[in-house]
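What the coordinates show
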Amino acid sequence: MRKPTTVIERNTLIKRWDRVELKICLCSPVPYEASVLNLALQIIYSMWNMREDVLCERAFPNVYDGVLSLETKHKLSEFDVLAFSLQYETDLINVINMLKRNKLLGKRRDNRPLLIAGGPVIMQNPRPFSSVFDALFIGEIEEVSDKFLDSLKNSLEERSLDSMLDVPCVYMPSVEERYAKRCYVKNLDECFYPTAQFYPEGIRVAFGPSFLLEISRGCSYNCRFCLARSIYMPLRLRSLKRVEEILDQGLKSTKLNRVSVISFAAADHPRLVDVLESIVSRGLKFTLPSVRVDKVPLEVLTLLRKVGQRSVTIAPEVASDRLASIIRKGIYPEDVVRLARELFKVGFRKVKLYFMIGLPGENEKDVIQIPQLIEDIVKVGFFRVSVTVNPLIPKPHTPFQWLPFIKKEEFEERRKIIINGIRHKNVVKLSFLNWSEGVIQVVIARGESDIGRRLARVEGLLSKRKTWIEILRYLRERPKVFHGFSIDDRLPWEVVDVRISKKFLVAEFEDFHRNLR
Ligand code: SF4
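Residues numbered from 1 in each chain as written. Predicted model: local features only at pLDDT ≥ 70, side-chain atom pairs only at ≥ 80, totals over all residues.

1. Brief notes about the domain arrangement of the protein
How big an interface is tends to be reported as the loss of accessible area on association of its parts. Domain boundaries in the protein define domain 1 (9-181), domain 2 (210-309) and domain 3 (313-517). Using C-alpha coordinates to define each centre, domain 2 is positioned 26 Å away from domain 3. Every contact between the two is made by 16 residues of domain 2 and, on the other side, 24 residues of domain 3. Secondary-structure elements contributing two or more residues to the side of domain 2 that touches domain 3 are α6 (227-231) and α9 (298-306). For the side of domain 2 that touches domain 3, the element with the highest residue contribution is α9, accounting for four residues. Residue composition of the side of domain 2 that touches domain 3, by class: ten nonpolar, three polar and three charged. (Domains from an automatic or database assignment. Contact = placed C-beta atoms within 7 Å. Helix = DSSP H or I, 4+ residues; strand = E, 2+ residues; numbered from the N terminus. Nonpolar A, V, L, I, M, F, W, Y, C, P; charged D, E, K, R; others polar.)

2. A short note on the site of the ligand
Lining the immediate surroundings of the ligand are C219, Y221, C223, C226, A228, R229, F264, R292 and K329. Taken together, the residues of the shell around the ligand break down into six nonpolar, no polar and three charged. (Near = placed C-beta within 6 Å.)

3. A short note on the sheet that holds strand β14 (residues 285-287)
Strand order in the open sheet made by the three strands is β10-β13-β14, with parallel pairing throughout. Each of the sheet's edge strands pairs with one partner strand only, and the pair in question is β10 (211-213) and β14. When the angles between neighbouring strand axes are averaged without regard to direction, this sheet yields 30°. Where strand β13 (residues 258-261) and β14 come together, three bridges link them in parallel fashion. Bridged to V259 within β14 is F286. (Pairing = 2+ DSSP bridges. Axes fitted to C-alpha atoms, helices over the stretch in contact; angles between N-to-C directions.)

This is how it looks when you write it as structure tokens:
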């Protein structure tokens, strides 16, 4: 049973229903507490509500059971459009359940709101979502927001989705099977930024409620397993002047004393130290939840500790030099130990580590080095080392997109090697992503539209067991989704152009294969 949440919130926007032409409900497939750290939701909510002719409310599965909007308690079926912002593969399951609870799944388009979705999981591969949604948005919304809202209005007026084809980043196979080209913001300084951000009072959220500050978008590194790199390129920086404007406006309307600097490449921002000093000089604390700590200067780590952050995350991903050079993250085991010593010196006593298994060319020797590296970090003196080990999900639009997913026996063997190699079990807290959850992720990441259709047709709400049964049936028909594709195959996600060339991906794929020999 999901626990219902009563939300008392600041910066909620409530508009009159009789004064607008387009009513949109922004739906989150994950609970309220997990969505307040989602910058995309903050951007869309503020930006769409700025239009006089539009209102945008929100719905969450744990608020009014996901059937009423948070702001005015209207039924989801009363809105013109339901817009979903989706981050993870398993969001598909939550979306299907949310639509089922609202009796909207499988209904004809003229008897229900338009269903649209966007977000990283849609950019990576819209196919599995295309049988549930009418239109899928590929990219970043800010620069095309007005055009997109106008196309929604026209589609509703004309009772036809055709006018949505005016927006080139919309994927809509039910109308026309065409490539959708990812749209992105060219200049972060010129684009809209939400300064009056909604936040809850009296509900625990990760890191505590904080003002979300994005100082850059995209990433300058070339990690071969990483989807974010491909779908958020190129790297764009927000100027210090604009960041300070955002902070000053944000402080007026968002009365929080903590700022989350949420950019992947925050460490690459040439003015990062100035940004952090600006935050501190305004009497605020900050966190850097997604930063690569191996790339930030020591003074930033010291500042982080000073403002009260107690734990840091390092993601070496692998523990052997050989695999480190294959994944191209640019961090080697000896760097990890050196970094851990620096972190300890500046006062951190807890560290989180992320590793992957199931990489191309990985052998027992590579895996044995994972617990050895963990033990080297324990020796530095930390009193808590939390380790998460995930199987590699070979993601679309990356040089690993053609690879197989790790087999169950191999996964279990490698898991045992890691568990048995840990001696300081009182210091190290190990957790593994369940193998079957990895399979579900890989199927939704690399599947065709029929996986969405199958899941949507299951009787009643989708449970873990029902989902797993459908996933196994699907893999019998489409084994390549699990076992890997050949370089000449037409891949399901090639219906979107995320602006990364296939020639580059093939060259990278061939390059790491050469190095495996
Ligand atoms: S540094 Fe992080 S975000 Fe950037 S490419 Fe590597 S894994 Fe992706």
